[in-house]
Amino acid sequence: MIQFENVYKEYSNGVMALSNINLSIPKGDFLFLVGSSGAGKSTMIKLLIREEKVTRGRILIDGNDITKLRKKDIPKLRRNISVVFQDFRLLDKKTIFENVAYALEIQGASKNEIKKSVTEALEIVNLSNRAQSYPDELSGGESQRVSIARAIVNNAPILVCDEPTGNLDTNTAWDIMQALIKINERGTTVIMATHAVEIVNKMQRHVVKILDGHIVYDVEKGGYYED
Ligand code: ADP
Ligand code: ADP
């Protein structure tokens, strides 16, 4: 369970990006954070992964207030929360397999563990046949699926996606959604910031809409409605 309690974020230039945010995200949830550009979605994500600090309020993950974490404990938080960005951020010189394997290698996983986990992650995103390709041989949708495989390879319980379909056409976007649905069905909490009205409306999941740093609605099952 993730809880935002009375969260405020004011940037150093005086912009109040978030005001009095109260939000509960149950374990295993599929949450869409919606709202136009500048609403505050990325700021919520940055607070959750401690890329930015709250100005006021608490953010609890399984009861632990992550706003109180010391610098040395942040890597541990980031092992529990994987992030996928709009741009894919793949390593050009590495194969798809190696891109997905990279984080596990750094953690010192064994060759067998790496093989097993990477194979499984590529299966989930439906890219088993591209393991030996290089990023420049893939389409945008395939590249995004690789970045999702890379994010889930260490089995973090929470997956955060910031506009994962932002650069993709409709059909390709649905391939991404299929992968995210599968990941969610395995028990991972998925949080997706998006402007993709059609996707949110079709999915009918938990939707939180932000406008000028405030939550304008929070529905357990719903769509992306105009104000
Ligand atoms: P998105 O809408 O996809 O979140 P933005 O264009 O809002 O992307 O932001 C891109 C990056 O620039 C983010 O890291 C954000 O924190 C930063 N940023 C956005 N607005 C400002 C600003 N007014 N001053 C400094 N950095 C900003
Ligand atoms: P969204 O992700 O919904 O597009 P953001 O969270 O990126 O919105 O931005 C919310 C507000 O905070 C915007 O007014 C943006 O310009 C501002 N902002 C974002 N990042 C920064 C930053 N690093 N410094 C100053 N202002 C920022």
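Residues numbered from 1 in each chain as written. Chains lettered and ligands numbered in written order. Predicted model: local features only at pLDDT ≥ 70, side-chain atom pairs only at ≥ 80, totals over all residues. Heavy atoms only, no water.

A. Representation of the nonpolar core within the structure. Counting residues in hydrophobic clusters, the biggest one holds 46 residues, and the most contacted among them are Phe 32, Val 118, Leu 122, Met 177 and Leu 180. Secondary structure elements with two or more residues in this core: strand E3 (30–34), helix H3 (96–106), helix H4 (111–124), helix H5 (140–152), strand E7 (158–162), helix H6 (170–185), strand E8 (189–194) and helix H7 (197–203). At eight residues, the largest contribution of residues to this core is made by H6. In terms of nonpolar packing, the next biggest core, distinct from the first, is built from 27 residues, Ala 39, Ile 45, Ile 191 and Ala 193 among them. (Core = buried A, V, L, I, M, F, W, Y, C linked by side-chain atoms within 4.5 Å. Buried < 20%, exposed > 50% of the residue type's maximum accessible area, 1.4 Å probe, protein only. Helix = DSSP H or I, 4+ residues; strand = E, 2+ residues; numbered from the N terminus.)

B. Highlighting the pattern of salt bridges. Per the counting criterion, the structure on display carries nine salt bridges. Taking the shortest distance from any N to any O, the salt bridge between Glu 52 and Lys 9 comes out at 3.5 Å. Pair noted here: Glu 52 is in the loop between helix H1 (41–48) and strand E4 (56–61) and Lys 9 is in strand E1 (residues 2–10), with a separation of 43 residues, a long-range link. Look at Glu 52 and you get partly exposed, because its relative accessible area is 26%. Glu 120 is the salt-bridge partner of Arg 186, the closest N and O atoms lying 3.0 Å from each other. Taken together, the residues Arg 186 in the loop between H6 and E8 and Glu 120 in helix H4 connect sequence positions 66 residues apart. (Salt bridge = Lys/Arg side-chain N within 4 Å of Asp/Glu carboxyl O.)

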